[in-house]
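Structural characterization, general
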Amino acid sequence: MHARKLISVWVMFLCLVILSTACLQKRKFDGPEGYALNTPLKFVMPTSLHEISGIAFYKGNPDTVYAEQDEDGKVFYLKPGDHHAEAYKFGKHGDYEDIAISNDFVIMLKSNGSLFTFPFADLHQEGTERVVEWKDLLPKGEYEAMYADEASRQIYILCKNCPDENDKKITKGYILQLNNQGQLSLQGNFAVDVEDVDKILGEKKMDFRPSALAQNPRTKEWYIIASIGKVLVVTDSNWKVTAVYHLNPALYVQPEGIAFDKNNNLYISNEGGDLHSGNILKTAWKGK
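What you see is a predicted model, and the numbers here were worked out from it, not measured in a lab.

Conventions adopted
- Residue numbers run consecutively from 1 along every chain, following the written order of its sequence.
- Local features are withheld for residues below a pLDDT of 70 in this predicted model, meaning they are given only at 70 or higher, and side-chain atom pairs are given and counted only at 80 or more; totals for whole chains, interfaces and linings count all residues.
- As a rule here, side-chain values come from all non-hydrogen atoms in the structure, and water together with hydrogens is ignored.
- Each salt bridge in this description consists of a side-chain nitrogen of Lys or Arg and a carboxyl oxygen of Asp or Glu lying within 4 Å of one another.
- Each residue is assigned to one of three classes by its accessible area relative to the maximum for its type, calculated with a 1.4 Å probe on protein chains only: buried under 20%, partly exposed between the two thresholds, exposed over 50%.
- Residues enter a nonpolar core if they are buried and are Ala, Val, Leu, Ile, Met, Phe, Trp, Tyr or Cys, with the set joined through side-chain atoms within 4.5 Å.
- Segments assigned H or I by DSSP are reported as helices when at least four residues long, segments assigned E as strands when at least two residues long, and all are numbered from the N terminus.
- By definition in these notes, contact holds between two residues if any of their heavy atoms fall within 4.5 Å.
- Two strands pair if DSSP finds at least two bridges between them.
- Lining residues are defined by having an atom within 4 Å of a point belonging to a cavity or pocket. Those points lie on a 1 Å grid over the protein atoms alone, cavities being sets where a 1.4 Å probe fits but cannot get out and pockets being open sets with protein on both sides within 12 Å along at least five of seven lines.
- Grid points are joined across faces, edges and corners, and a volume is the space filled by probe spheres set on the points.
- Throughout this entry, Asp, Glu, Lys and Arg are counted as charged residues, while Ala, Val, Leu, Ile, Met, Phe, Trp, Tyr, Cys and Pro are counted as nonpolar. The remaining residues, Gly among them, count as polar.
- Note on aromatic contacts: the rings of Phe and Tyr and the six-membered ring of Trp form a pair at centre separations within 6.5 Å, being stacked when their planes are under 30 degrees apart, edge-to-face when over 60 apart, and tilted otherwise.
- Distance and chemistry together define a polar contact, namely a pair of N or O atoms within 3.5 Å, with one atom able to donate a hydrogen and the other to accept it when in protein, and with adjacent residues in sequence counting only for side-chain atoms on both sides.

Structural notes on the pattern of salt bridges
- Summed over the entire model, instances satisfying the criterion amount to six salt bridges.
- Here R130 ties to D122 by a salt bridge, and the two come within 2.5 Å at their closest N and O atoms.
- For R130, a relative accessible area of 45% puts it in the partly exposed group.
- Residue classification places D122 among the buried residues on the basis of a relative accessible area of 0%.

Quick look at the nonpolar core
- In terms of nonpolar packing, the biggest core is built from 39 residues, with L213, L232 and I258 touching the most fellow members.
- No other element matches the five residues that strand β15 (residues 222–226) contributes to this core.
- Setting aside residues no more than four positions away along its own chain, L232 makes contact with P32, L37, Y223, I224, I225, A243, V244, Y245, L247 and I258.
- Counting 19 residues, the second-largest nonpolar core is a separate cluster that includes F105, I107, L137 and L176.

Quick word on the pairing of strand β6 (residues 96–102)
- Counting buried positions over the seven residues of β6 gives seven, a clear majority of the element.
- In the sheet, β6 pairs with strand β7 (residues 105–110) via six bridges, with the strands oriented antiparallel. Its bridge partner lying in β7, Y96 is registered against K110.
- The hairpin formed by β6 and β7 contains two residues between the paired strands, and N103 there has a positive phi angle of roughly 50°.

With respect to the layout of surface pockets
- Counted as a void, the largest pocket has a volume near 480 Å³.
- Lining the largest pocket are 26 residues, with F57, G60, Y147, A148 and F260 sitting closest to its centre.
- Only β2 (52–58), β6, β10 (142–148), β14 (212–215) and β18 (255–260) provide two or more residues apiece to the lining of the largest pocket.
- Residue contributions to the lining of the largest pocket peak at four residues, all from β6.
- Split by residue class, the lining of the largest pocket holds 16 nonpolar, three polar and seven charged.

Some thoughts on the packing of aromatic side chains
- A full pass over the atoms with the stated rule returns 19 aromatic pairs.
- Plain terms: the ring middles of Y35 and Y223 are 6.4 Å apart, the flat faces sit at 75° to each other, and that makes the pair edge-to-face. Residue Y35 is found in the loop between α1 (2–26) and β1 (41–44), and its partner Y223 is found in strand β15; the two are separated by 188 residues along the sequence.
- An aromatic cluster is defined as three or more aromatic residues linked by ring pairs; in this entry it consists of Y88, F90, Y96, F116 and F118.

A word on helix α2 (residues 194–201)
- Considered for burial, the residues of α2 that qualify are V194, D196, V197, D198 and L201.
- Its buried side turned inward, α2 meets β12 (170–178), β13 (184–193), β16 (231–235) and β17 (241–246).
- A distance of 2.9 Å separates the backbone nitrogen of E195 from a side-chain oxygen at the start of α2, and that oxygen is part of D193.
- G202, located one to two residues past α2, shows a positive phi value of around 75°.

Put into structure tokens, the structure is as follows:
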């Protein structure tokens, strides 16, 4: 009887070892080549950016990061590591989701698809009133992800949740054109095939809700963050999905923003919560 109990204990022990090993294997999180996403440098945000969402750089300069949080109509800017952020108020209280800077204009995206533009120089000037709001350029829906291309003056925006995507087989995106006066106009559209994401993940149907978008300056690949599900989707320059990576939830608690600097370093911002502060995680480019 004693021998049988001993064997049972050993069997249970071996099962626990096997299960633990399997869990550890599942907890290994990969990333794009050249980016060690599991060992980023962490910058804790000041209280004013506890609910940090989108982030951007001016001409890729990493000395100052520009950000917004999803409640106040303000643009915050600070040096990574600073404990205080300066702020410029451009609009009323609202649900602001992303920020982009292109050709000396700041572009702000609201969750309902409305956009705001104003000269970059106004960030450092009090009392300027050159903010322009753009309504109805985008179809009705919920938006969080935006990227601005300096060379083409084009603004790329991905829909997070739009009524005409009920089949969930694609995620639609829209291309806006920014002119010399900071005016915006709709120029075209694109789409990301969600079925390709499902195939790579091995899932039947992922609830793909993009929360941030950026283009890798070296490869011209598109990097798309989905906070729900915590994945990083990589596509080629023509929006063909080439890779999907699960993000470590212990690090990327609520990823809401993404940006590259001119040195190809990758930054992902995380909104704060009850148990953690808002932060930006920097992953240095270590490729050849």
